[in-house]
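# Examination of the molecular architecture
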Amino acid sequence: MKNILVTVDFHDNEQLLIDKALQLAEKFDSKIWLIHIAAPDPDFVGYDVGPQYIRDNRATELRTEHKQLEAYAEMFKKKGVDADGLLVQGATIEMIMEEAKKLHIDLIIAGHQEHSFLYKAFVGSVSGQIVKKSKIPVLIVPLA
């Protein structure tokens, strides 16, 4: 197992995922790929980008997310594990599958949180969709 992809959503609960990835990477001498899928640009989904302050806020948000991914990767490197962070815009499941294929990923680590019935009905479960679509083994980590 040489390449592990860890999905990060920045909801302050990714430490469990990072700990599990570190444990596996140390055991198997794997490289960690941290990935965050950001919402696509508004014009990608058919909307005008809006006023400048909205574009500025979006750019700031993306820079912050990228810096956080870099900080996580640096933390892995300090512990002797090769790691890189990827910030990708697009449809979540499709981008995870596409990047996993490009990077020759051997294992995907994703978190799962319990949500209400209405949330599941309208949004669904990202981790469940990853399991359904992936031909790569997926480790689902329950998050608090």
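Residues numbered from 1 in each chain as written. Predicted model: local features only at pLDDT ≥ 70, side-chain atom pairs only at ≥ 80, totals over all residues. Heavy atoms only, no water.

## Thoughts on unusual backbone geometry
- Of note, the phi angle at D29 is positive, near 55 degrees, even though the residue is not glycine.
- By the element assignment, D29 lies in the loop between α1 (15-28) and β2 (31-38).
- For D29, a relative accessible area of 59% corresponds to the exposed category. (Helix = DSSP H or I, 4+ residues; strand = E, 2+ residues; numbered from the N terminus. Buried < 20%, exposed > 50% of the residue type's maximum accessible area, 1.4 Å probe, protein only.)

## Concerning the nonpolar core
- Core analysis: the largest hydrophobic core is formed by 22 residues, its most contacted members being I4, V6, V8, I32, L34, F76 and I109.
- Contributing elements (two or more residues each) for this core: β1 (3-7), α1, β2, α2 (52-78) and β4 (107-112).
- Ranked by residue count, the leading element in this core is α1, at six residues.
- Non-local contacts of I4, meaning those with residues more than four positions away in its chain, are made with L24, A25, S30, K31, I32, W33, I105, L107 and I109.
- Listed in part, the 16 residues of the second largest apolar core include I93, I96, L103 and A110. (Core = buried A, V, L, I, M, F, W, Y, C linked by side-chain atoms within 4.5 Å. Contact = heavy atoms within 4.5 Å.)

## As for the packing of α1 against α2
- Remark: α1 packs on α2, axes separated minimally by 11 Å, with the N-to-C direction vectors making an angle of 35 degrees. Along this stretch, α1 crosses α2, giving a crossing that reads as right-handed. On α2, the residues touching I18, A21 and L22 of α1 are Y72, M75 and F76.
- Partitioning the contact of α1 with α2 into residue classes produces six nonpolar, no polar and no charged. (Axes fitted to C-alpha atoms, helices over the stretch in contact; angles between N-to-C directions. Left-handed = near helix turned anticlockwise from the far one by under 90°. Nonpolar A, V, L, I, M, F, W, Y, C, P; charged D, E, K, R; others polar.)

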